[in-house]
Amino acid sequence: MNHWTPFEWITAIRFLKEGRMQTIFIVTAVAIGVAVIVFMSAMLSSLQANFLKRVLTTQPHIQLIPPNEIARPLRHGGPGSIVAAIVQRPAQRIRSIDQWQKIRTQLGEWPDIVTVSPTVSASALAVRGDASRSITLTGIDPDVYFKIVRIPDYIVSGQARVSTEDILVGLELAKDLGVTLGDKLTVTAANGASRVLTISGIFDLGNKGANQRSTFVALRTAQTLANLVGGVTSIDLTVTDIYAAEAIARRVQSATGIEADSWIKTNAQFFTAVAAQQSSNTLIRLFVALSVAFGIASVLVVSVIQRSKDIGILRAMGTSQGQILRVFLLQGGLLGLAGSIVGAFVGGAGLSVWHAYMRQADGSEIFPLILEPSLFVTAVLLAALTGVAAAAVPALSAARLDPVVAIRG
Amino acid sequence: MADQQTVLKLEGVCKSYNVGSPIEVEVLHGIDLELRRGEFIALTGPSGSGKSTLLNLIGLLDRPTKGRLVIEGRDTGELDDTAITKLRGHSIGFVFQYHCLISAFTALENVMMPLLVENAFPNDEMNARARSLLAEVGLTQWENNLANNLSGGQQQRVAIARGLAMNPALILADEPTGNLDTKSADTVFDMMQHVNKINGTTFLIVTHNLDLARRCQRIVEVVDGRVAPPLASRGAGMLKTS
Ligand SMILES: Nc1ncnc2c1ncn2[C@@H]1O[C@H](COP(=O)(O)OP(=O)(O)OP(=O)(O)O)[C@@H](O)[C@H]1O
Ligand SMILES: [Mg+2]
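Residues numbered from 1 in each chain as written. Chains lettered and ligands numbered in written order. Predicted model: local features only at pLDDT ≥ 70, side-chain atom pairs only at ≥ 80, totals over all residues. Heavy atoms only, no water.

**Q** Can you walk me through the interface of chain A and chain B in this structure?
**A** Where the parts come together, the accessible area they lose is often given as the size of the interface. Taken residue by residue, the interface counts 23 residues in chain A and 23 residues in chain B. At the boundary of chain A with chain B, the tally comes to 1 salt bridge. Salt-bridge contacts for A:R14 lead to B:E109; the nearest nitrogen and oxygen are separated by 2.6 Å. Connecting chain A to chain B are 6 residue pairs in polar contact (both at pLDDT 80 or more). Grouping the constituent residues of the side of chain A that touches chain B by class yields 11 nonpolar, 6 polar and 6 charged. (Contact = heavy atoms within 4.5 Å. Salt bridge = Lys/Arg side-chain N within 4 Å of Asp/Glu carboxyl O. Polar contact = N/O pair within 3.5 Å; in protein donor to acceptor, adjacent residues only side chain to side chain. Nonpolar A, V, L, I, M, F, W, Y, C, P; charged D, E, K, R; others polar.)

**Q** Looking at this model, I keep getting lost on a nonpolar patch on the surface. Mind explaining?
**A** Residue and element names in this part refer to chain A. On the surface, L283, L286, F287, L290 and F294 cluster together into a nonpolar patch covering about 540 Å² of accessible area. Summarising the element assignment, F294 is placed in helix α11 (residues 268–306). For F294, a relative accessible area of 60% corresponds to the exposed category. (Patch = residues over 30% accessible without salt bridge, like charges linked within 9 Å, V, L, I, M, F, W, Y side chains within 5 Å. Areas by Shrake-Rupley, 256 points an atom, 1.4 Å probe, with all protein chains shown as cover. Helix = DSSP H or I, 4+ residues; strand = E, 2+ residues; numbered from the N terminus. Buried < 20%, exposed > 50% of the residue type's maximum accessible area, 1.4 Å probe, protein only.)

**Q** For this particular structure, what's the right way to read unusual backbone geometry?
**A** Leaving glycine aside, a negative phi is the common case for residues, and trans is the common case for peptide bonds. Residues and elements named next belong to chain B. If you check the backbone angles, N167 has positive phi at about 50° while not being a glycine. Mapped onto the secondary structure, N167 falls in the loop between α5 (152–164) and β7 (170–174). Even without glycine at this site, E175 takes up a positive phi of about 45°. Summarising the element assignment, E175 is placed in the loop between β7 and α6 (182–199).

**Q** What's the story with the environment of B:E26 in this structure? I'm lost.
**A** Residues and elements named next belong to chain B. By the element assignment, E26 lies in strand β2 (residues 25–36). Residues E26 and S16, spaced 10 residues apart in sequence, show a C-alpha to C-alpha distance of 3.9 Å. Apart from residues lying up to four places away in sequence, E26 is in contact with C14, K15, S16 and K66. Side-chain polar atoms of E26 contact the side chain of H29, separated by 2.8 Å.

**Q** What exactly am I supposed to notice about the nonpolar core here?
**A** Nonpolar side chains in soluble globular proteins tend to be buried together. Counting residues in hydrophobic clusters, the biggest one holds 122 residues, and the most contacted among them are A:F328, B:L10 and B:L134. With 9 residues, helix α13 (residues 321–357) of chain A is the single largest residue contributor to this core. Grouped together as the second largest cluster of nonpolar side chains are 50 residues, A:L64, A:I103, A:V239 and A:I258 included. (Core = buried A, V, L, I, M, F, W, Y, C linked by side-chain atoms within 4.5 Å.)

**Q** Would you explain the confidence of the model for chain A in this entry?
**A** Reading predicted coordinates in detail is not appropriate for stretches of low pLDDT. Of the residues in chain A, 96% have a pLDDT of 70 or more, and the chain-wide mean is 88. Confidence, read as mean pLDDT per element, is least for helix α16 (residues 403–408) of chain A in chain A (86) and greatest for helix α15 (residues 392–399) of chain A (96). (pLDDT = per-residue confidence, 0-100.)

**Q** I tried to follow the state of the cysteines on my own but got confused; where do I start?
**A** Note: disulfide means a covalent bond formed between the sulfur atoms of two cysteine side chains. Residues and elements named next belong to chain B. If you walk through the whole model with that rule in mind, you get 0 disulfides over all chains. The thiol of C100 is unpaired, and the distance to the nearest cysteine sulfur, on C216, comes to 18 Å. For C100, a relative accessible area of 0% gives the class buried. (Disulfide = S-S within 2.5 Å.)

**Q** Looking at this model, I keep getting lost on the sheet that holds strand β9 (residues 218–223) of chain B. Mind explaining?
**A** Within a sheet, neighbouring strands are paired by backbone hydrogen bonds and run either parallel or antiparallel to one another. All names here are of chain B. The strand order β6-β7-β8-β3-β9-β10 describes an open sheet built from 6 strands, whose pairing is mixed. One side of each edge strand has no neighbouring strand; the edge strands of this open sheet are β6 (92–95) and β10 (226–227). When β6 meets β7, the two strands line up parallel, connected through 4 bridges. Within β7, the residue paired with V95 across the bridge is A173. Packing of α6 onto the sheet brings it into contact with β3 (40–44) and β8 (202–206), and relative to β8 it is tilted by some 155°. (Pairing = 2+ DSSP bridges. Axes fitted to C-alpha atoms, helices over the stretch in contact; angles between N-to-C directions.)

**Q** Would you explain the packing of aromatic side chains in this entry?
**A** Each aromatic ring pair is described using two quantities: the centre-to-centre distance and the angle formed by the ring planes. Residue and element names in this part refer to chain A. This structure, assessed with the given rule, holds 11 aromatic pairs over all chains. Relative to F270, the ring of F51 has its centre 3.9 Å away and its plane inclined at 20°; by these criteria the two rings are stacked. On the criterion of sequence distance, the pair formed by F51 in helix α2 (residues 20–58) and F270 in helix α11 is long-range, its members being 219 residues apart. Here F51 falls in the partly exposed class, since its relative accessible area comes to 27%. (Phe/Tyr/Trp six-rings, centres within 6.5 Å; stacked < 30°, edge-to-face > 60°.)

**Q** What is the right way to read the packing of α2(A) against α13(A) from this model?
**A** Angle between the axes and distance between the axes are the two parameters that describe a pair of packed helices. All names here are of chain A. Contact geometry for α2 and α13: axes closest at 6 Å, N-to-C directions at 45°. Regarding the angle of α2 to α13, the classification is oblique. Handedness of the crossing formed by α2 with α13: right-handed. When grouped by side-chain class, the residues that make up the contact of α2 with α13 number 17 nonpolar, 8 polar and no charged. (Parallel < 35°, antiparallel > 145°, perpendicular 65-115°, else oblique. Left-handed = near helix turned anticlockwise from the far one by under 90°.)

Here's what the structure looks like:
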């Protein structure tokens with residue numbers, strides 16, 4: 001037997017329509033609550049998605065780096081004696097990863113690893129006439145490296161070409177040194193080795209510091225400059241499931257014996273911040289939902305009292321307790337539904353307007369806005385359910401009204 | 001035992017309020033009553049004598065504390081709440097004194113309500129039935145008015161039409177003309193007699209109006225929670241004007 005018959009729907013809708021003021025006010029209240037939730041959730045998820053996108057297009061998911069050099073004290077105390085050794089940490093040289101070709105082949109066969117990109121990084125000095133700037137030189141194999149960090153997407157002039165004589169520099173570095181596309185730049189490594197390279201492309205990573213320091217050259221060029229011929233200082237990886245990166249990093253580390261850091265570990269702060277935001281977001285949602293629920297409940301409690309005579313008449317004409325119960329549950333659900341549809345619309349529109357007016361200092365948009373349809377659907381469904389739940393107590397009291405008492409009024 | 005001619009039978013029905021508490025009172029003391037199909041009966045008696053209480057019992061809105069209540073051959077004491085609700089919807093129509101209609105609905109929708117509750121009829125059938133009932137009480141042109149926008153007499157007529165919607169065996173009316181002027185009261189009363197004649201529906205009407213009561217086939221008088229002996233066995237003078 002179908003319990004939600006036209007009777008319940010028609011009666012619920014008519015009752016809401018007749019109590020116009022109450023209905024309008026409570027729908028407005030629900031709408032405000034839902035609008036706040038939608039606004040806040042959409043903003044946070046946009047921010048997070050934007051951050052993730054930025055991180056994941058400018059960093060590898062996992063990076064393998066050679067172990068630190070440590071000093072091994074040679075003197076050991078004999079039995080019964082204690083040696084208080086002061087062990088100094090040795091200066092760290094640029095070192096290559098042992099047998100990196102083998103590791104590259106090995107990791108390339110893992111199904112959950114997408115890209116394997118060996119790189120050399122070293123610090124160096126970029127000199128042009130009297131001006132010099134310290135830079136980080138990253139030697140790359142463009143075919144694989146560009147799959148991890150999409151330099152070609154960030155090129156503002158020239159092209160992402162790195163032959164052995166080329167160098168890609170950032171916008172700020174080019175400005176600081178007063179160079180443009182096609183100019184020559186002398187790059188001197190810390191060990192004194194020096195090369196003259198041609199600027200083949202200028203990029204903008206969207207971050208001033210990175211634009212000042214980062215430069216990209218061919219792997220071979222960097223190897224020569226760093227005096228590391230045939231070696232690499234790190235192996236960068238991307239994986240299929242970015243959230244499994246840390247687990248994969250642990251497996252890589254135990255398989256290769258080389259320290260592997262995932263983006264999750266290097267951005268631990270971000271995840272702490274996200275977790276904190278999410279828990280405060282959850283709390284806010286909970287309290288908004290509670291106040292919405294109590295609002296709906298209080299309106300329906302009053303409505304049950306106002307309509308006790310109607311309820312009595314309905315019972316006298318053969319309406320069952322269950323039908324009365326459902327009429328009021330439905331009213332709660334409809335209030336939640338109507339309020340949340342309005343609220344979702346207002347929240348989404350409000351966020352779009354806010355986003356259109358909020359600008360970064362340089363006039364560009366603060367972050368790309370992501371309005372997921374699923375957010376709206378969930379908000380509306382949850383609000384409708386909250387309405388039904390909130391209606392439980394008033395609906396029960398309506399169903400339990402003694403028709404004799406109700407009719408006598 | 002189901003006598004086709006008997007719509008309702010009460011045997012030794014008692015009703016107490018506040019049962020089990022110190023202020024328990026017995027309001028009805030052993031009522032015996034039989035209503036036959038197609039009868040048009042007035043229920044009279046002084047205020048507080050228990051007329052409404054009796055009507056609520058007959059209408060299955062309340063249950064007797066003692067005694068047997070048989071409607072259309074079914075002993076209601078053996079029915080659970082669901083069955084009672086169902087029986088009420090099918091066999092009994094109510095017309096109350098005040099606020100008979102549901103104000104959120106139009107006249108036509110009020111008449112349709114019992115059919116809608118039953119959820120067993122197609123829309124156009126419900127519509128057609130409600131229209132013909134409204135026509136029967138002469139309110140066709142008011143069918144789309146909200147209940148609140150009708151006069152008291154019109155509301156009572158809508159209530160009668162609604163009471164008839166499920167074609168019940170018995171219509172119970174508790175002072176249906178109580179707050180109407182004489183003319184409207186007459187019209188409403190005429191309407192009930194008309195329906196009684198046309199449909200053969202049994203009417204039990206509580207009234208203080210002796211002129212109206214005299215127009216009924218039979219008068220049942222309740223005094224102090226008991227059915228008084230039939231008028232015929234007393235002098236007509238016993239029936240004082242109130
Ligand atoms: N819910 C109740 N609780 C306690 N006593 C009640 C209750 N309902 C009615 N009574 C009492 O039962 C008695 C009969 O009441 P009832 O309403 O049946 O009288 P009535 O004949 O309909 O009177 P009236 O002509 O004034 O409508 C009265 O004394 C009344 O006080
Ligand atoms: Mg009464």
